Every structure is written in C-alpha cells, then in structure tokens.
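Listed below, chain by chain, are the residues.
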Amino acid sequence: MRISQIVGTAGVPVAALGAAFGAAAIVVLVSGGSPMESFAAMFSSAFGSGTAVGETLVKSIPLMLTGLAVALGLRAGLFNIGAEGQLLVGALAAAWVGFALDLPAVIHIPLCLAAGVAGGALWAFLPGLLKAKRGVHEVITTIMLNHVAFYLTHFLVTTRLKDVHTMAPQTPEMHATARLGWLIEAGGLHWGILVAALCVVAFAFLMARSVIGFELKAVGFSPDAARTAGINVSGMIVLAMVLSGALAGAAGAVEVMGVHHKFYDQFSPGYGFDSIAVALLGNNTAVGTALAAVLFGALRNGALGMQLATDTPKEIVTLIQAIVIVFAGMRFLKNRVPGTRGSRDPGLRADTQGRADAANP
Amino acid sequence: MDVTPAVEMRQITKGFPGVLANDRIDFSANWGEMHALIGENGAGKTTLMNILYGLHRPDAGETLLSGRAVKALGPRHAIACGIGMVHQHFMLVPAFSALENVILGAEPVRFGQTDYRRAEERVRAICERFGLQVDLHAKVADLSVSAQQKVEILKALYREARILILDEPTSVLTPQECDSLFAMLREMARSGMCIILITHKLREVMANSDRVTVLRQGRAIAGLETNSTTAEELARLMVGERELVRPPEEREASPAGPPLLAVINLSVPGDRGLRAVDSISFQVHAGEILGVAGVDGNGQRELAEALVGLRRAAGNVEFEGRNILRMSVRRRLDAGIAYVPEDSGRYGLVSSYSVEENAILGAHRGSPFARWGILDRHAARRHALNLIERVGVRAAETRMPARFLSGGNRQKLVLGRALYRKPKLLVASQPTRGLDVGAAQDVHLGLLEACARGGGILLISYDLDEIFSLADRVMVMFQGRIAGMVGRAEADRETIGALMLGARS
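Residues numbered from 1 in each chain as written. Chains lettered and ligands numbered in written order. Predicted model: local features only at pLDDT ≥ 70, side-chain atom pairs only at ≥ 80, totals over all residues.

Student: Please clarify how the overall build of chain B should be interpreted in this entry.
Tutor: Within chain B, the regular secondary structure consists of 17 helices and 24 strands. In terms of overall dimensions, chain B has C-alpha extents of about 70 × 50 × 45 Å along its principal axes. The 505 residues of chain B split such that 48% are buried. (Helix = DSSP H or I, 4+ residues; strand = E, 2+ residues; numbered from the N terminus. Buried ≥ 20, exposed ≤ 12 C-beta atoms within 10 Å, placed from the backbone.)

Written as structure tokens, this is what we have:
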C-alpha cells in the first residue's frame, strides 16, 4: 500500500473525527465551557496514566470484537445490526457454563469462550438462513432478534438462571476457573485483549489471503458474478452471518469472563450498537476497526473524567459519536446509491455499481 | 423544402476520463432525410447524439438547429426544440399501458385530471399518419420488444419531435420487423422530418439512408451521399487501415459419434414463473458450434443459465452421458463446462475485484491458485499477466479494478479465462455484444480455436451475421421452443428470419 492510498483511506475517518470534535467544541463553547479544557480532561482520563490506558483498552475489547463482527458482515454485503443481541446471547451462554459447571481452568475457560461463540453464532444463523433461503432482509431480522435476545436474557436471569441469594436480576458468580485473569493489573486489563487481538489478525488474514475471504467478498461485491463463478452464494451468506455472530458472541463471553464474572440484566451499555459506527469508521478493515474501537473506548472512558474535572456533561461524547456515524454513514450510503460515483472502499457491495458503469459510455 | 440543415453541429469535442469520445466533430443532417451515423463501437456515435439530445454537455463546439445556435440545457430543452431520441435500452414503465407511457410527463389535463380521451385521440392520429400499429391499452410489460420500440417512437412523436434520433434500433428486431420499422421511418422522412440513425449495420445504411456520416475513434471521417458510395467503402472508412473480418476457415461437417451434450425435454421457468424454455431437445457434438438464433427474450438466456446451473430446470441434460441437472454450478464448472455470460460486466466479473482476482475467479479454489484454502497471489498474478498477453486485454495494471476495463477488454478477459480452462463445452451468450470489429474478431478466433481443440460450443447470438459466420448448425428459438434446426448449407437470412418470427420448418 502506498502512502497516498493510506492517506486516501484514512482521509474520511480523520475528517469525520475532525468535524465531530469541531461541532462538539462549538456546543461546549456555546454552553459556556472551555472546549480545550474539556478535551484535555477527556484525553487525560482516557490516556493520562497506566490505569487510564488499561481502562480504555478494557472498554475497547468488546467494541473491537463486535466491530469486527459488523465489518465481516459488511464485507459479504450483509448489514448485521444484531451484534447487540448476539453479544447478549453469547454472554449468557458463557456465564451459564461458567457458574453451572465445575471444571479445571484449562478446560473451563476455552469451554466458556466456545459457549459464547456458539451462542452468538446461533443467534446470527437464523437471519443468515432466512436471507439465504427466502431473501428476508437481514436488517429486519437482526433488529427483531435483538429484542428477542433482550427479553429472553431478561427472562432467564429473573427466573431459571437467577442467583437466588440476591434480589438483582443476575446469574450466580462464575467460578474462578472460568474467569479471565489480569494481563496487567492497572485498569483491570484482562486477557480478553489477547482474544480481541487474535481475532483482528485472523480477520485480516481471512480477508486478504484465504479462499473463504475471497468468496465472501465476491458475494458482497457482486452476488451475480459470484454465483456464475460457482460460488455457493447462499452458503456464503449463512457462513458470513455465523462468523459475524460468533465474533459478537465472543465479545459477550470475554466481557462477562474478564470484567463482570456474571451476567446481569442490561450489562451491555450498547456495545453492539456502537460497533456499527466502529466498523464504518474503520472502513471494514481489521486494523481500521481495531483503531476505531480503541478510539470509542477512549471516548467512553474519558467522558466521565471530563465531567468530573470540568462542567462539560459526559453526553457530549455521545454527540461526537453521533457525528462520526453521520459522516461515516454518508460514505456508506454513497456507495449504495446507484448513479453516484463509487469509491474503492472494500466491503460495500458494488452490484449497483457494475450496472451504473455499464450504462456509462 | 427548407434548405438550412435541421441539425448542424460544429467542432464538437467531448472527453471522458481517459478517452476523447468526440474530437472536433462536424455533423449536419437535413430536413426530409434519413441520415445514418455509422462507426464501430466506441467511435463516439452515441456520445455525439447524447450531446445533441442534451444528455451530455460538450467541452467545446456549438449546435445549430435550423440555423439557430442553441445551448442544449438538457433533454427537457431538447424536447422543447423538437428533438426526440429512442435509446438502445428503452425507458418505459413496464406496469403502465402503452398509452400511459406515451403521454407520461406531458399529459393533457382537464379539470385537474388526465384527459385520457383527448390523449388517445391524439396518439391514434399519429399512429394512423405513419402506419404505426400498437395496442395502446396493453401493458408495456406484455408487449414485444418491437412494440415497445414503437411506444418509444410514439413518445417522441407525441412530443412533436421533428428530429428523431434512433440508437441502434434494429439490434433487437427480426429482419421482417426491421423492414416495417424502416418503412415507417421513411414515411416520417418523406413528411419532412429529420431521422438520424445510429448503427453499425452497413446493409441497413445502404438500403435505407439518404446520407451517411462515418465516425472513427472520435473523429468525423467522412460525410457521403449513400448512393454515391458502397458498403465496402463504408466498411473501410469505419475500421480504417485495419484488416477486415476474415472469412471463417472451412471446417468439416459436424463429427458423428455420441453427443457431448444431449438436452432432452428441457423446460426452464422464466423470471416471472412462466415457462421460458418449453420442453426442447437438441444435441451438441464435440468440435461443433451450434448457433442459437432468435430475437432476444425467446428463452435463450434461460436456456444458457439452465445449462450452467444458474437456473432450476426440469427434464434431462446429459453431459458426456451423465445427467447434470442436479449438479451445482461449481461441479459443472469442474466437469468441464464453461460459460461466457451475456452481460460480462455483471455476471462474468466482480467489478470491484482487480484484474488479477478476476482472472482466477471460478478457478480460485484449487491448484495452482490455492492450497489448503490459502490463495497464492503470485500464481494469480502470473496467470493474469499470461491471460492479458494471450487474449490481448488492454489493462495498465493487473491490480487495477476490473470496472476500469472497457467493455471489450472485460469480454476478452472473461472469454480468455473460460478458454484457459480448456472447456469441453462452452456456453457463450452474446460474446461479442458491444465489441468493435477488431475485438469481436479476437473473440471469434478464440471460439474457433476452442472448437478446433475438440470442444463443443453453444453460441447464443442475436446477431445473424455472427451465427452465419461461425455456426455449423443453427437452432432457431421462438417463444421457448425450437422453431427450426438448419444446417450450415441451408441457412440463409430469409429462412432463419421466418423461423425467428415463429414459422415452423
């Protein structure tokens, strides 16, 4: 990759960030605060100390995994909005294996992770199957399954899987053998960061070098050409959804195994939703998504510190995220609307583009 | 009759990224004449006419209508100036009736409502005047291609077009339908209209036009009176110094022996669930080219898709003695069937993938391009360079996305990729659509080469000249059935034309 290409690829995300912070600065200024002071406070509580960095990274782990989940779907032309639901199901599955079974750690930890992965994959399998066999749009089904996941997990942690020793809607504590220990004590940075990093590498390899990645992307860019080339398009759609769900499930598993050590109702502050913005900002690439996840983790982590140190409310961070999404989303839309000039972004389906090109002289 | 030209375009220049489509072109057409604008694909004919119709803005040059300079502001303005254009791809609303399509956007209004009665009266008057016969109340979706074309012409006439541009109007018609179209157009010219015909079919030009303008590589090469020139001279002007199409080498008659492909009672559903192919049976032998002639939309595409596995079908398709109808596309590819789809930009190539990636697409799963599920990028690159060299794809870089290739180069890449696999059976659908003479010839040579190697070829084409120059036998399809099977010796334009219209042999 040449320098110009890197600049070209990074240009939009950087511009989106610039605009977002600019707009936030104006809002802070208008409401009588000092933007520089606020942003400085945010930065220092996100990166100012070892503990701060650790906390930022902890918050970025689930964003990284769910971000990869969304990015993988988009590469195959699928918009998986159900990462949140898949994360919840994965988290509950991992928590259940964690408290219900008594096993040595060498088996227990992988088994918990596997349960989370399987739960997420299962939750995404159904939309994948419906899309592949009946053409049901995955956006609709994944959104609806999010709701099913909220209420199903809520139901289970208030009834069958409830910890009887407390009033709170939560599962019993997971056994110590099912918990991810600290990699670094500062900020509680647990081994989950390694899981996330491995997934980033695996994602990059899958997309760049593997036959499966080649076929997934072909399906995403041009289902017609993929089918003609003998690629099993339905199979690839199901596979992409399952892999996407597996990543989101892993996010849930890692979060309960490394941070909460139990599943409690509404433990996720919307990681699965933020992940859409993370993937868009990261341009659906492995490294981009990882960087965007760290950024969003830092925003989340820095927000509270900023509110404490200055009078700027932490909600300003939500504003920044929203503007980033608008910018990243504009590019996404541009690629989907026929007749507009397509860019070279990976992962945005170009089937309309082919037709538009054919129509042009 | 008015002596000032109806249209006069001076020094028109228009560039697109990487190509100068029109290079200081002078063009003029008179009232009362049928003017042919000819040239190979990519010569700039359509661009020039799109400029006249206001779809493109020229970089330089001016346009005069009846001697008055006009600034073309867009199609709306062009229509107001009396210009009508019938595009190659019709722009009709399929769910509307013919009448509704004709008046769409220019409805006569009475008390705030569309006055259908007045509209119909007007449209009928136009039909009678020029001998146009269309069922105005039929839904456009149910009309034949030639009737849809008439609706397009009516649209222009209804808007009082006096200058009518037709872009390749005969490419979708049978010989008989062409004759009636030209009779109608001549009538319009006689009434004083200016008819501009974009085409590359010299026979039509010689038979129907009054004057000809020849474009080559974006330049106006000649403006001639039709009766002072010959088809040979026009062909030479169109292609320049390049060698003209060679006559195909004589090949032996279809070899006997067991058929390579035996299709028995094959029925294929169309997109709307109706039977697009209706229990047909035929055979293709090794080393034979079976031409499939017919007007577009008579089941050819569905037949091709059923043979390669892209469409479900009922009946029997035996390839080398095995029934392949239940096999996936992938297994059929692996068994030695290759497919060159009609729209290679959409079906043949992943346009966002690089030339390199497209070169291996379809063969990417196994040796030598992948091992243990991991792609070998170097092998892909070597292969792409090899293909580029062998079939003459003009690509600056193998890493460049395929969407930046021209139509001809895309087609060559798809064909070259198919031929590289040394297929036993090649199903080629319109392999030279949109290609210029030189590129088409390369494609034809490729097909003949595959055939000489012992492969069987099913060549689907709407271009009779292509069928006649390549096919050993000609199968004519009409409404999903085989209207006739004619040997190379007996195939002539009249017989095939009649079969294309549904006459039984």
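Student: Is there a simple way to explain the nonpolar core in this structure?
Tutor: Looking at soluble globular proteins, one finds that nonpolar side chains tend to be buried together. With 265 residues, the main nonpolar core has Leu65, Ala94, Ala218, Leu247, Ala250 and Ala253 of chain A together with Leu459 of chain B as its most contacted residues. Among the elements that take part in this core, helix 10 (residues 233-260) of chain A stands out by supplying 17 residues, more than any other. (Core = buried A, V, L, I, M, F, W, Y, C linked by C-beta atoms within 7 Å.)

Student: So what exactly am I meant to see when it comes to the pairing of strand 9 (residues 163-167) of chain B here?
Tutor: In regular strands, side chains alternate between the two faces of the sheet. Residue and element names in this part refer to chain B. Counting buried residues along strand 9, five of its five residues qualify, which places the element largely inside the surrounding structure. Here strand 9 shows no split at all, with Ile163, Ile165 and Asp167 on one side and Leu164 and Leu166 on the other all buried. Where strand 6 (residues 83-86) lies against strand 9, four bridges are found, and the strand directions are parallel. Among the inter-strand pairings, Gly84 is bridged to a residue of strand 9, identified as Leu164. Bridge count between strand 9 and strand 10 (residues 194-199): five bridges; the pairing is parallel. In the sheet register, Leu164 faces strand 10, and the bridge partner there is Ile195. (Pairing = 2+ DSSP bridges.)

Student: Whenever I open this one, the confidence of the model for chain B confuses me. Can you help?
Tutor: In low-pLDDT segments, the atomic positions of the prediction should not be examined closely. Chain-level pLDDT for chain B is 84 on average; 93% of the residues reach the 70-or-more range. Across the predicted assembly, pTM comes out at 0.75 and ipTM at 0.78. (pLDDT = per-residue confidence, 0-100.)

Student: I would appreciate a short explanation of helix 6 (residues 138-158) of chain A in the present structure.
Tutor: Because an α-helix packs 3.6 residues into every turn, residues spaced three or four apart end up facing the same way. Residues and elements named next belong to chain A. For helix 6, which comprises 21 residues, the first-to-last C-alpha distance of 30 Å matches the rise-based estimate of 30 Å (1.5 Å per residue) to within 8%. Those residues of helix 6 that fall on the buried side of the exposure criterion are Glu138, Thr141, Thr142, Leu145, Asn146, Ala149, Thr153 and Val157. In an axial view of helix 6, the angular spread of the buried residues amounts to 150°, which keeps them on one side of the axis. Set apart from the buried face of helix 6 by more than 90 degrees, the exposed residues are His147 and Tyr151. (Expected span 1.5 Å × (residues − 1). Arc of directions from axis to C-beta.)

Student: Where do I start with the interface of chain A and chain B in this structure?
Tutor: Accessible area lost upon the coming together of the parts serves often as the stated size of an interface. Listed by partner, the interface residues are 23 residues for chain A and 29 residues for chain B. Put simply, the parts of the chain that give the side of chain A that touches chain B at least two residues each are helix 8 (211-221), helix 9 (223-228) and helix 14 (351-359) of chain A. Across the side of chain A that touches chain B, the residue classes break down as eleven nonpolar, seven polar and five charged. (Contact = placed C-beta atoms within 7 Å. Nonpolar A, V, L, I, M, F, W, Y, C, P; charged D, E, K, R; others polar.)

Student: Looking at this model, I keep getting lost on unusual backbone geometry. Mind explaining?
Tutor: Note: most residues except glycine have negative phi, and most peptide bonds are trans. All names here are of chain B. That bond from Ser367 to Pro368 is cis: its omega, 0°, falls within 30 degrees of zero. Take Pro368: it is sitting in the loop between helix 12 (355-360) and strand 19 (370-371). Despite not being glycine, Gln430 has its phi angle at roughly 45°, a positive value. In this fold, Gln430 is placed in the loop between strand 21 (425-429) and helix 15 (437-452). Classification of Gln430 by C-beta neighbours within 10 Å gives buried; the count is 23.

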